[in-house]
Amino acid sequence: MTTYRDFSLTHRGSARGTVLRTIGTRERRSHLTAPRVPTVGIDIGGTKVMAGVVDADGVILEKIRTETPDKSKSPKVVEDTIAELVLDLSDRHDVHAVGIGAAGWVDADRSRVLFAPHLAWRDEPLRDALQSRLAVPVMVDNDANTAAWAEWRFGAGRGEDHLVMITLGTGIGGAILEGGQVKRGRYGVAGEFGHMQVVPGGHRCPCGNRGCWEQYSSGNALVREARELAAADSPVAHDIIARVGGNVHEITGPLITELAREGDAMCVELLQDIGQWLGVGIANLAAALDPSCFVIGGGVSAADDLLIGPARDAFRRHLTGRGYRPEARIAKAELGPEAGMVGAADLARLVARRFRRATRRRVERYERYAQYGRRGAAAGPEEQEQQ
């Protein structure tokens, strides 16, 4: 495996920090000239860690996954898992950089995970911890940002200059791309759309507030509503109760989607409700950001038009200035659950380019010094005095 292990690690820390602080302003033009080398993308969630080698065209060459260590364990346990996956892939591929999409808040320098709700990361210096172990450049970003980047580069957002991505899973994540650059905000935590308040005094959210958007349009909201109807033995819930054998806690989002596709009226209605709330939130975001395209990803988006159809209708009804302004396109994400991994790998390629240049310069200097030393050794005493 070709890596940077042949070179001294003593000067890498400060150089890498400088590169990562400046990389955001160069993303738009950099991705066009980034080296066409394989990189590893890591997607870390509350239940799984997925790693894959991705080429310059967004093609996954190999993918492996494992369960996320229990959140009560130390951060080092998760770092050990990541390192093992990367080294495993490196045995079979020429890896030049590693990109990590983490489900949590990442600082503006993309070096520390400030907070991860499903992991024991609190102001965790993840980038530096992994760079010291892997000896290749490491980039850390929010998983919604990496997914949005992948959709802009290779998926539903290609050709869009103003894109907003919304990821519907357990909660709601989001990302903003403008002019081919991820907008991370001053402190790195932009795009937390799920915690916009849409119902004052509404359902309590795990974030501590009430009425957050994700309490009305997310996988958790979908399952909560279905379980409440089933627990109340509602007549409309008899089919889903029968499917789970009366065990309400076995009702899941994928099961609701499956029954909705089979025509179950309750499940269809629940997805319509989630979709309508999705449309309301998108209309609010359109008023604030005015993008040309919204890309809807995450596990709940697997419901396709059962969800996105009602979202489009609600968006048109609630859009400010409706009828007198262009409407943003609403599209389902194309890359599926691999989007975060592919985007992380592609963003890491930008870091790899700069370090390849720095490494090449170091090698050239080393060769010049070595050549000078060989000439001095070959010269006789008189020639050395003349030199």
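Residues numbered from 1 in each chain as written. Predicted model: local features only at pLDDT ≥ 70, side-chain atom pairs only at ≥ 80, totals over all residues. Heavy atoms only, no water.

Asker: Got a sec to walk through the state of the cysteines? Specific residues and values, please.
Answerer: Under the definition given, this model contains 0 disulfides. Between C207, a free cysteine, and C205, which holds the nearest cysteine sulfur, the sulfur-to-sulfur gap is 3.6 Å. Owing to a relative accessible area of 40%, C207 belongs among the partly exposed residues under this scheme. (Disulfide = S-S within 2.5 Å. Buried < 20%, exposed > 50% of the residue type's maximum accessible area, 1.4 Å probe, protein only.)

Asker: An account of the confidence of the model for the protein chain is requested, with residue identities and associated values reported.
Answerer: Overall, the predicted model of the protein chain reaches an average pLDDT of 84, with 81% of residues at or above 70. Mean pLDDT per element in the protein chain: helix α1 (residues 12-22) is the minimum at 43, and helix α9 (residues 265-289) is the maximum at 96. Across residues 1-23 the pLDDT falls below 50, and counting only partners more than four positions away or on other chains, this stretch makes 48 contacts in the model. Across residues 357-364 the pLDDT falls below 50, and counting only partners more than four positions away or on other chains, this stretch makes 4 contacts in the model. (pLDDT = per-residue confidence, 0-100. Helix = DSSP H or I, 4+ residues; strand = E, 2+ residues; numbered from the N terminus. Contact = heavy atoms within 4.5 Å.)

Asker: Go over unusual backbone geometry with me, naming the residues and quoting the values.
Answerer: Of note, the phi angle at D123 is positive, near 55 degrees, even though the residue is not glycine. Mapped onto the elements of the fold, D123 is located in strand β7 (residues 122-124). A positive phi is found at D233, a non-glycine position, where the angle reads about 55 degrees. Here D233 shows up in the loop between α6 (219-231) and α7 (238-243).

Asker: Can you lay out the sheet that holds strand β6 (residues 113-115) for me, pointing to particular residues and giving the numbers?
Answerer: One open sheet accounts for 3 strands, arranged β5-β6-β7; its pairing is antiparallel. A single partner strand is all that each edge strand has here, and the edge strands are β5 (105-106) and β7. Pairing between β6 and β7: 2 bridges, direction antiparallel. By the bridge assignment, V113 is partnered in β7 with E124. (Pairing = 2+ DSSP bridges.)

Asker: Could you give me a rundown of the nonpolar core, with the residues and numbers involved?
Answerer: Residues I166, I240, L278, F294 and F315 are the most contacted members of the largest nonpolar core, which totals 45 residues. If you list the elements that add at least two residues to this core, you get β9 (162-168), β10 (172-178), α6, α7, α8 (253-261), α9, β12 (293-297) and α10 (305-318). Counting residues per element, this core draws most heavily on α9, which supplies 10 residues. Once residues within four sequence positions are removed from consideration, I240 is found in contact with I251, L255, I256, L259, M266 and C267. Grouped together as the second largest cluster of nonpolar side chains are 28 residues, A83, V98, I100 and W121 included. (Core = buried A, V, L, I, M, F, W, Y, C linked by side-chain atoms within 4.5 Å.)

Asker: Can you break down the environment of M165 residue by residue, with the values?
Answerer: As for its placement among the helices and strands, M165 is situated in strand β9. Since its relative accessible area comes to 2%, M165 is described here as buried. Aside from chain neighbours lying at most four places away, what touches M165 is A147, A148, E151, G173, G174, A175, F193, V295, G297 and A333.

Asker: Give me the lowdown on the sheet that holds β10, citing residues and values where you can.
Answerer: With mixed pairing, 5 strands are arranged side by side in an open sheet as β11-β10-β9-β12-β13. Here the strands that pair on one side only, and so sit at the sheet edges, are β11 (181-182) and β13 (329-332). Here 4 bridges tie β12 to β13, and the two strands are oriented parallel to one another. The residue bridging I296 from the neighbouring strand is K332, located in β13. α9 contacts β9, β10, β12 and β13 of the sheet and is inclined by roughly 150 degrees relative to β9. (Axes fitted to C-alpha atoms, helices over the stretch in contact; angles between N-to-C directions.)

Asker: Kindly report on the side chain of E160, identifying the contributing residues and their values.
Answerer: As for its position among the elements, E160 is in the loop between α5 (143-154) and β9. Residue classification places E160 among the buried positions, given a relative accessible area of 14%. A distance of 2.5 Å separates a polar atom in the side chain of E160 from a polar atom in the side chain of S292. (Polar contact = N/O pair within 3.5 Å; in protein donor to acceptor, adjacent residues only side chain to side chain.)

Asker: Account for the packing of α9 against α10, naming residues and giving values.
Answerer: In contact at an axis separation of 7 Å, α9 and α10 are set at 45 degrees when each is read in the N-to-C sense. The pairing of α9 with α10 is recorded here as oblique in orientation. Remark: the crossing between α9 and α10 carries right-handed chirality. Together, L271, Q272, I274, G275, Q276, L278, G279, V280, I282, A283 and A286 of α9 and L306, L307, P310, A311, A314, F315, R317 and H318 of α10 make up the contact between the two elements. (Parallel < 35°, antiparallel > 145°, perpendicular 65-115°, else oblique. Left-handed = near helix turned anticlockwise from the far one by under 90°.)

Asker: Which residues make up the pairing of strand β2 (residues 48-54), and what values go with them?
Answerer: Of all the 7 residues making up β2, 7 are buried; the element is thus mostly covered by neighbouring parts of the structure. Where burial is concerned, the two faces of β2 agree: the one with K48, M50, G52 and V54 and the one with V49, A51 and V53 are both buried. As consecutive antiparallel partners, strand β1 (residues 39-44) and β2 are separated by 3 residues. Both β2 and strand β3 (residues 60-67) contribute to a ladder of 7 bridges, which runs antiparallel. When the sheet's bridge partners are listed, V53 is paired in β3 with E62. The turn joining β2 and β3, which pair antiparallel and follow one another in sequence, is formed by 5 residues; a positive phi near 80 degrees is taken by G58.

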